[in-house]
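One letter stands for each residue in the lines below.
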Amino acid sequence: MDKIYQPAAIETSWYKTWEENNYFAPSGKGEAYSMVIPPPNVTGSLHMGHAFQHTIMDTLIRYQRMKGKNTLWQVGTDHAGIATQMIVERKLANETGQTRHDLGRAAFTDKIWEWKEESGGNITRQMRRLGNSVDWENERFTMDPEFQQSVEEAFISLYDEGLIYRGKRLVNWDPKLQTAISDLEVESKETTGKMWYLRYPLADGVTTDAGDDFIVVATTRPETMFGDTAVIVNPEDTRFASIVGKEIILPLVGRRIPIITDEHADMDKGTGCVKITPAHDFNDYEVGKRNKLPMINVLTFNADIREVGQGFNSDGTVNSEINCFIPEQYHNMERFAARRAVVSEFEALGLLVKIEENNMTVPYGDRGGVVIEPMLTDQWFADAKTLAEPTIKAVENGDIKFVPKQYENMFFSWMREIQDWCISRQLWWGHRIPAFYDASGKVYVAINEAAAREKYSLSADVTLTQDNDVLDTWFSSGLWSFATLGWPEQSDKLETFHPTDTLVTGFDIIFFWVARMMMMSMHLCKDQAGKPQIPFKNVYITGLVRDESGEKMSKTKGNVLDPLDMIDGISLTDLLDKRTGNMMQPQMAEKIRKRTEKEYPDGIPAHGTDALRFTLAALASTGRDINWDMKRLEGYRNFCNKIWNAARYVEMNTDGEDCGQNGGELELSLADRWISSKLQQIEIDVTKHLDEYRLDLAAQTLYDFIWNEYCGWYLELSKPVLWNEEASDAQKRGTRQTLVRVLEVIMRLTHPIMPYLTEEIWQSIKTLAGVEGDSIMLQTFPIANLDKVDTAAEQDIDWLKGVITGIRNIRGEMGISPAKELSILINNGSDSDKQRLADNRNFLMKLASLDNITWLNTGEQAPMSATQLVGDMEVLVPMAGLIDKDAELGRLSKEIEKLAKELGRIEGKLSNQKFVANAPEAVVAKEREKIAQFKAAQEKLVEQHGKIKAL
RNA sequence: AGGACUAUAGCUCAGUUGGUUAGAGCGCUACCUUGACAUGGUAGAGGUCGGCGAUUCGAAUUCGCCUAGUCCUACCA
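What counts and how
- Residues numbered from 1 in each chain as written.
- Chains lettered and ligands numbered in written order.
- Predicted model: local features only at pLDDT ≥ 70, side-chain atom pairs only at ≥ 80, totals over all residues.
- Heavy atoms only, no water.
- Pairing = 2+ DSSP bridges.
- Helix = DSSP H or I, 4+ residues; strand = E, 2+ residues; numbered from the N terminus.
- Axes fitted to C-alpha atoms, helices over the stretch in contact; angles between N-to-C directions.
- Contact = heavy atoms within 4.5 Å.
- Near = heavy atom within 4 Å.
- Polar contact = N/O pair within 3.5 Å; in protein donor to acceptor, adjacent residues only side chain to side chain.
- Nonpolar A, V, L, I, M, F, W, Y, C, P; charged D, E, K, R; others polar.
- Salt bridge = Lys/Arg side-chain N within 4 Å of Asp/Glu carboxyl O.
- Buried < 20%, exposed > 50% of the residue type's maximum accessible area, 1.4 Å probe, protein only.
- Phe/Tyr/Trp six-rings, centres within 6.5 Å; stacked < 30°, edge-to-face > 60°.
- Arc of directions from axis to C-beta.
- Core = buried A, V, L, I, M, F, W, Y, C linked by side-chain atoms within 4.5 Å.
- Disulfide = S-S within 2.5 Å.
- Parallel < 35°, antiparallel > 145°, perpendicular 65-115°, else oblique.
- Patch = residues over 30% accessible without salt bridge, like charges linked within 9 Å, V, L, I, M, F, W, Y side chains within 5 Å.
- Areas by Shrake-Rupley, 256 points an atom, 1.4 Å probe, with all protein chains shown as cover.

A. Focus on the sheet that holds strand S15 (residues 352-365). Pairing in this open sheet of three strands is antiparallel, and the strands run S8-S7-S15 from one edge to the other. Pairing within the sheet leaves two strands with one partner each, and these edge strands are strand S8 (214-219) and S15. Each strand axis lies, on average, 20° off the axis of its neighbour in the sheet, ignoring direction. In this structure, strand S7 (residues 186-201) lies alongside S15, joined through 13 bridges in antiparallel fashion. Following the sheet pairing, Trp196 is matched in S15 by Ile355. Strand contacts of helix H9 (residues 335-348): S7 and S15, with the helix running at about 25° to S7, the strand carrying the most contacts.

Encoded structure:
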């Protein structure tokens, strides 16, 4: 073994071995345990968030596999409709200047498939490097023919049940991408806008009670006024009661529109009069439906003003009666230009009353980044309310649990208010909706044209054309948990692995994905008894991985870290290229460059997969975002090195030696019994933490045990046995065996988090440890054996540590070189101290670097010494020639002061009658014991202080 | 506007049912190339647990209010 841990050398080959031997596939034996990966975008690449989630999932699946479960980690990728289409459109524009319309639908989707082939391997390569033990043989892609079929089947059956419908509705429309999007894809941004107060003249010479021949309405979007079809006032509003039922003449257009009453008008807001534009505002749309108002669409699909509006009745049918006139100077005007133009015209006409600054939130498309328009279009919708109902119950009654639990509230509040889900998208990349239309526009839903003809008994002379729209990406990923297992076919796999056990994902897609998967699964999947099947039992919600200053990682900020760069390292030049290359806003490049040069002047060194995974696990406290800390990664890289070197030590001392594999008498030292005893508790703790998704605590437990107990104390304690020529074969055998077996168990305990290092070490020591097997990943997870718990040994070692630490403290504080061998004396020791001293003399001499220990009997005179107390026993280091008087006085004072402070606190407590009366006896007794002990110690130290001072 | 979460050492974070001398890593100080490891070892400094109040014999932990920050949902004619 090399002196320095070199991760790259061991990490590349083991993954290949595992994969080639098909260790990742379900074993077919034991209880099932399954997870699905949240399918990443097929053309994307993994970021730190993925690395984080994949580490958690891989740790869980490796742990369950080692526990003997029949494990499946379902892997695959998502076609990610809008995102992928945008990437390829941009690429096309950059390379040839063409748009997708220049190519046509078929040629363009071919281009996307090409791009998928080209870049789709990226993710899977990264996952392999991260050590993810997914079932590659059953990799799925949401656009695979089988998956496609599942999607169509789901759509058709929901349609046949009346849970999917088509209709003309107001939807969120992205004018840049020219598609409908769902509520969830809209991001609200806070901005300061303006509110314009406009005068609408009353028709027919009517005046208000105040004597005005006009009313005033307020709006933030004047350009939509071309589509106004009513003005409302509150039915209770006496100010306007007299003009209800009268009409106004819409300026610029000349259309007469009615003044009606509706609850929506708030008497205390604005002027109390509200203009209603049902085709361009969600509230107005509702008002329009309630009052059967016509709707006039005045915008084109890219949100310019139309030449003539489109009139509809409130039920969505065409209304050819209504006057849809739009003045010529506005034709094809961009929406914000039109806004300015309308305002100036109102001003010119003397109809602009005032302008107010107005804080408001404006909706933006999360992909296109432009302001969303409510747009009246024909779309497909899913009846989310009906679908949501059983999922709410499933969470309420605990069939599905969220970790951490507070996300359940978030889930409930959304699900109980859920709106119908717009599932059609005007894109080319995705699952084309299996719906066909005849010449009259009548719709037929079936898997293909032939099926449609048969299902609806259509004669051959009816021409059918398929719907041009595709389904929302989340519609298909909503089927992920069961469509990947073969649904709608009732496959064995589906039966074995569904519902899955744990879903690990980010809170940002609880609504997008988690909730949808629950709705889809519970509606479409039934168990044998016909009961709706949940997609998963537990949802582990992870936080976000942020940069060191707590900012979200994003390309535009230039603070993105690629997990592979943590693993393999990257030079500054390459890192700069990566961060500043191919930017949407090149002006940011210089800033990012400076920032990167400052943060990583030498690039990023290699740390290895295991260190990265351990770091992510250690940071994974539930319900909290992670601020990435490069120092932490370094620390855990050092931890890997520590383990590596401990293994080297073990190998050096056991390889070719008798470790008792073939029998022979064994004598275990106190240290051997102690470390074995401690190990049992660690096994219990790690198991508990992993079962409770506390990977951070599991990692912390392992770190502390391995570094401090095993390496820090036990390896040191093994030396006095192994290097002692007087030790017997049985003693050496006992220590060697303990050394190697404990290490072997540690490797298995740690393997789920750090697969590579543990496999490498395990392979080189398995024979010495007397175990057999091809790979650590197929070994059993350690189970505590309580027979090995040895409380006496643990107490003895605590005593030993106390003596050693006491002497080291004197050395440290007094500046005595560690190389200087000391003669110490023991005073006021009990019989058990004497026994312990006799048992542990070797350990003590070696670890405290002593050349002599003298036991003082009662009454024997001790030379002037520095003193450390271990219980009542005094450990004395003679001062002569070694210790400065003032330094020792200082040290003693410090100790005395500490004790005094503590004594004051406890005495206060005990003098409180209420405490003594009310606190449990054990607590009071404990305090009394402490006080006695501290008092005795204090007295001794004070006496010592006095003696030295008198010198 | 409603809700959730967070606030503990210089930094990043643990602290499970109230009783610990409040912990870890990194950083800092001093000393040390001792035969696994300087990606190391030993010792040490550093905290009125955001503020106020309540409950309790006892609060970092429970409750209320406040402050600061993050996020979500809704509304904004």
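Alright, that's what it looks like, and here's the rest.
B. Geometry of the protein's contact with RNA strand B. Within the structure, RNA strand B sits among 56 residues, and Ala218, Thr219, Val274, Asn283 and Thr361 are positioned closest to it. Counting only the atoms of RNA strand B that lie within 4 Å of the protein, the sugar and phosphate share comes to 63%. Between RNA strand B and Asn638, the relevant distance is 3.0 Å, taken from a sugar or linking oxygen to a side-chain nitrogen or oxygen of the residue. Within the side chain of Asn918, a nitrogen or oxygen atom sits 3.3 Å from a sugar or linking oxygen of RNA strand B. Those elements giving two or more residues to the surface near RNA strand B turn out to be S8, S15, helix H21 (630-654), helix H23 (695-722), helix H26 (791-814), helix H28 (885-911), helix H29 (913-918) and helix H30 (921-950). Ranked by the residues each element gives to the surface near RNA strand B, the list is headed by H21, at eleven residues. A per-class count over the surface near RNA strand B returns 19 nonpolar, 17 polar and 20 charged.

C. Just the pattern of salt bridges, in detail. This model, assessed by the stated rule, comprises 49 salt bridges. Residues Arg836 and Asp796 are paired through a salt bridge, measuring 2.7 Å at the closest nitrogen-oxygen approach. One end of the pair, Arg836, is in helix H27 (residues 831-847); the other, Asp796, is in helix H26, and 40 residues separate them in sequence. For Arg836, a relative accessible area of 19% translates into the label buried. Note on Asp796: relative accessible area 18%, which makes it buried. Counted as one network, the salt bridges with shared partners bring together Glu11, Arg129 and Asp568.

D. Structural detail: the sheet that holds strand S22 (residues 465-466). Taking strand neighbours across the sheet as the criterion, the three strands line up as S21-S20-S22 in an open arrangement whose pairing is antiparallel. Each of the sheet's edge strands pairs with one partner strand only, and the pair in question is strand S21 (443-445) and S22. Where strand S20 (residues 435-437) lies against S21, three bridges are found, and the strand directions are antiparallel. Note on S21: the bridge partner recorded for Phe436 is Tyr444.

E. Broad picture of the packing of aromatic side chains. Following the criterion strictly, the structure yields 33 aromatic pairs and no others. With a centroid separation of 4.6 Å and 45° between ring planes, the pair formed by Phe639 and Tyr703 is classed as tilted. With a gap of 64 residues between them, Phe639 in helix H21 and Tyr703 in helix H23 connect regions that are remote in the sequence. Of the aromatic side chains, those joined through ring pairs into one cluster are Phe155, Tyr159, Trp380, Trp421 and Phe475.

F. Spatial organisation of helix H18 (residues 572-580). Where H18 is concerned, the buried positions are Leu575, Leu576, Arg579 and Thr580. The arc that holds the buried residues of H18, viewed along the axis, is 110°, so those residues lie on one side. Exposed residues pointing more than 90 degrees away from the buried face of H18 are listed as Thr573 and Asp577. Where H18 is buried, its residues touch helix H17 (563-568) and helix H19 (589-599). Looking one or two places after H18, you find Asn582, whose phi comes out positive at around 55°.

G. Fine view of the nonpolar core. Of all hydrophobic cores here, the largest spans 147 residues; its most connected members are Trp628 and Tyr710. For this core, the element with the most residues is H23, which contributes 14 residues. In this structure Tyr710 touches Ala646, Val650, Ile675, Phe705, Leu715, Leu739, Val742, Leu743 and Ile746, once residues within four positions along its chain are discounted. Listed in part, the 61 residues of the second largest apolar core include Val151, Phe155, Trp421 and Met520.

H. Here's a closer look at the state of the cysteines. Within the structure shown, the criterion is met by zero disulfides. Cysteine Cys640 is unpaired, with the sulfur of Cys711 as its nearest cysteine sulfur at 12 Å. Looking at Cys711, the relative accessible area reads 6%, which means it is buried.

I. Looking closely at the packing of helix H7 (residues 145-160) against helix H16 (residues 510-524). Between H7 and H16, the least distance of the axes is 12 Å, while the angle of their chain directions is 70°. The orientation of H7 relative to H16 falls into the category roughly perpendicular. Facing Ala154, Ser157 and Leu158 of H7, the residues of H16 in contact are Met520, His523 and Leu524.

J. Region of interest: the environment of Met630. Looking at where Met630 falls in the secondary structure, it is placed in helix H21. Given a relative accessible area of 13%, Met630 falls into the buried group. For the pair formed by Met630 and Met566, sequence separation is 64 residues and the distance between their alpha carbons is 8.9 Å.

K. Here's a closer look at a nonpolar patch on the surface. A contiguous nonpolar surface patch, about 250 Å² in accessible area, is contributed by Ile684, Leu786 and Val789. Counting through the fold element by element, Leu786 comes out in the loop between helix H25 (755-765) and H26. A residue is classified by how much of its surface remains accessible, and Leu786, at 57% relative accessible area, is exposed.

L. Region of interest: unusual backbone geometry. Geometrically, the link from Val403 to Pro404 is a cis peptide bond, its omega value of -5° lying close to zero. Looking at where Pro404 falls in the secondary structure, it is placed in the loop between strand S17 (401-403) and helix H11 (407-416). Unusually for a residue other than glycine, Ala80 sits at a positive phi of about 45°. Relative to the elements of secondary structure, Ala80 occurs in the loop between strand S3 (76-77) and helix H3 (81-96).

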